[in-house]
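# Summary of the model geometry
For reference, the chains in residue letters:
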Amino acid sequence: MMTSAFHFNTIEEYIETIQENREAFVYTRESNPTTKILEEKLAQLEGGEKCTVFSSGMGAISATLFSLLKKGDHVLLINTIYSTTQVLLKQLESYGISWDCVNTVEASVAVQHIKETTSLIYFESPSTQKFELLDIKQIADAAKSRNIRTIIDNTWCTPLFQTPLKHGIDLVIHSCSKYISGHSDCVCGAVIGSKKLVSRITQKGLILLGAVNSPMNSFLTLRGLRTLPVRMKSCHQVIQNVLDYLLEDTRIEQIFHPYCSTPQQKQLAEKYLNGFGSLFSIVFKEKDPEKVFRFVNSLESFVIGVGWGGYESMVLPSFKGNNQEELNQRGLDITHTRLYIGPTEAELVIEDIQQALDKAFV
Ligand SMILES: *Cc1c(COP(=O)(O)O)cnc(C)c1O
């Protein structure tokens, strides 16, 4: 509903409402009818008690960390994490919060890095860039026994392909800018979990920091949500066909996606995933960034840029001409290239990738 404030018939009604003795909308920074519908649907899909929606995925992540952490706390990150989330943790150092990022796919190794002061474990599964899975339940169990909260960024899977709350994770975060809204036409985020925790994030994180979703973006996200099942079904099918092709192409050295990974990763996929997302990375045999750029520029049905989860297929190499050292630090190959396949026909994508490979790697 496109309004900032809601009106009352009497001053008594207003006072009763702000004293929380009566339920009504007051101001859109706190709540709005359209946003509330979106929150109820996302909570239901994830199997959580409550959801709060934000104006971006980062809005959800920053509000969650700001409202749950305090001076002296330690945060354990596992595996590769969305880079802006790591930048946020660096920023939180100036507020007396420390953190470590453990690079492992073994949950049992990761939890050995828990400290006395660890109050939060934050991870993605599959992870950013390498799309490696972690044993969610093992992490949740280890954290629970030590009174540590767990947060997962579930953007790649959407609630249709993975529901981490069922495995004991405390909070699920989404960038709804990707698959959930699904049309690359809005930026939106969400956090889902118990009523108690999410209410705290709403009070301390949403209302104070103010990353509130506009009612228009809640509407767009709700509309996208209606086709999420058909889009995800299509992506699940198309990605397997595309990967089957890429596995056979000798110009490609490695593919990062649970469908193509180690037997241990495939076991985790079997255990946790109800389907495959269509965002993945490849590295090429020939370590020549110029050829990678030629490949990227030769793709006809892909757009170049950040963001993914919409209608268009997308491509983005990690090498930007001057960041080789940063890539080395992150354990990424100089030819590491991320691709997103939209809900389309596999044959068209395969044909396009094939012609671009032919042009680039003659
Ligand atoms: C895009 C993304 C985010 C950030 O979300 P925004 O909506 O862009 O703020 C966080 N995590 C993952 C995995 C993402 O892909």
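As shown above, the structure is provided for reference.
Residues numbered from 1 in each chain as written. Predicted model: local features only at pLDDT ≥ 70, side-chain atom pairs only at ≥ 80, totals over all residues. Heavy atoms only, no water.

### What about unusual backbone geometry?
Of the consecutive residues serine 125 and proline 126, the connecting peptide bond is found in the cis state with omega at 5°. Relative to the assigned elements, proline 126 resides in the loop between strand E4 (118-124) and helix H6 (136-144). At glutamine 129, a position not held by glycine, the phi torsion is positive, near 70°. (Helix = DSSP H or I, 4+ residues; strand = E, 2+ residues; numbered from the N terminus.)

### Overview of the sheet that holds strand E3 (residues 98-102)
Each strand in a sheet pairs with its neighbour through backbone hydrogen bonds, running either in the same direction (parallel) or in the opposite one (antiparallel). Strand order in the open sheet formed by 7 strands is E1-E7-E6-E5-E4-E2-E3, with mixed pairing between adjacent strands. The strands lining the two open edges of the sheet, one partner per strand, are strand E1 (50-54) and E3. Mean inter-strand twist for the sheet, computed between neighbouring axes without regard to direction, equals 20°. As defined by bridge partners, E1 adjoins strand E7 (residues 189-193) across 5 bridges and the pair is classed as antiparallel. Across the sheet, the residue bridging to cysteine 51 is isoleucine 192, located in E7. Contacting E1, strand E5 (149-153), strand E6 (171-175) and E7, helix H8 (residues 195-209) runs over the sheet at an angle of about 25° to E1. (Pairing = 2+ DSSP bridges. Axes fitted to C-alpha atoms, helices over the stretch in contact; angles between N-to-C directions. Contact = heavy atoms within 4.5 Å.)

### Quick look at the site of the ligand
Taken together, the neighbourhood of the ligand is formed by 13 residues, with Gly57, Met58, Asp153, Ser177 and Lys178 sitting nearest. For the ligand, an oxygen atom lies 2.6 Å from a polar atom in the side chain of serine 177. Contacts to the ligand include lysine 178, whose side-chain N or O atom sits 2.7 Å from an oxygen atom. For the ligand, whose unbound accessible area comes to 380 Å², protein coverage reaches 87%. Here the ligand occupies the second largest pocket. Of all the elements, helix H3 (residues 57-68) adds the most residues to the shell around the ligand, at 3 residues. In terms of residue class, the shell around the ligand is built from 6 nonpolar, 5 polar and 2 charged. (Near = heavy atom within 4 Å. Polar contact = N/O pair within 3.5 Å; in protein donor to acceptor, adjacent residues only side chain to side chain. Areas by Shrake-Rupley, 256 points an atom, 1.4 Å probe, with all protein chains shown as cover. 1 Å grid on protein atoms, 1.4 Å probe; cavity = no way out; pocket = protein on both sides within 12 Å on 5 of 7 lines; lining within 4 Å. Sits in = over half its atoms within 2 Å of the grid points. Nonpolar A, V, L, I, M, F, W, Y, C, P; charged D, E, K, R; others polar.)

### Some words on the pairing of E7
Burial runs high along E7: 5 of the 5 residues are buried. Burial along E7 is two-sided: the face carrying Gly189, Val191 and Gly193 and the face carrying Ala190 and Ile192 are both buried. Inspection of the sheet shows E6 paired to E7 by 5 bridges, in the antiparallel sense. Each residue of the ladder has a partner; that of leucine 171, found in E7, is glycine 193. (Buried < 20%, exposed > 50% of the residue type's maximum accessible area, 1.4 Å probe, protein only.)

### Brief notes about the layout of surface pockets
Volume-wise, the largest pocket comes out at about 1,000 Å³. Taken together, 26 residues form the lining of the largest pocket, with Glu23, Glu30, Ser31, Lys50 and Gln203 sitting closest to its centre. Residue assignment for the lining of the largest pocket shows that the elements contributing at least two residues are helix H1 (11-18), helix H2 (33-46), E1 and H8. If one sorts the elements of the lining of the largest pocket by residue count, H8 sits on top with 6 residues. (Points joined across faces, edges and corners; volume = space filled by probe spheres on them.)

### Thoughts on a nonpolar patch on the surface
Side chains of Ile11, Tyr14, Ile15 and Ile18 sit close together on the surface and give an oily, nonpolar patch of about 350 Å² of accessible area. Structurally, isoleucine 18 can be placed in helix H1. For isoleucine 18, a relative accessible area of 46% gives the class partly exposed. (Patch = residues over 30% accessible without salt bridge, like charges linked within 9 Å, V, L, I, M, F, W, Y side chains within 5 Å. Salt bridge = Lys/Arg side-chain N within 4 Å of Asp/Glu carboxyl O.)

### Side note on the packing of helix H10 (residues 228-248) against helix H14 (residues 346-360)
Packed helices, taken two at a time, are described by their axes: the angle between them and the distance between them. Where H10 contacts H14, the two axes come as close as 9 Å, and the packing angle between them is 30°. On the basis of the axis angle, H10 is roughly parallel to H14. Crossing of H10 over H14 shows right-handed handedness. For the pair formed by H10 and H14, the contact residues are Val238, Asn241, Val242, Tyr245 and Leu246 on the first element and Ala346, Val349, Ile350, Ile353, Gln354 and Leu357 on the second. Here the residues of the contact of H10 with H14 sort into 9 nonpolar, 2 polar and no charged. (Parallel < 35°, antiparallel > 145°, perpendicular 65-115°, else oblique. Left-handed = near helix turned anticlockwise from the far one by under 90°.)

### As for empty space enclosed by the protein
Per the counting criterion, the structure on display carries 1 cavity of 30 Å³ or more. In this model, the largest cavity occupies a volume close to 60 Å³. By residue class, the composition of the lining of the largest cavity is 3 nonpolar, 5 polar and 3 charged.

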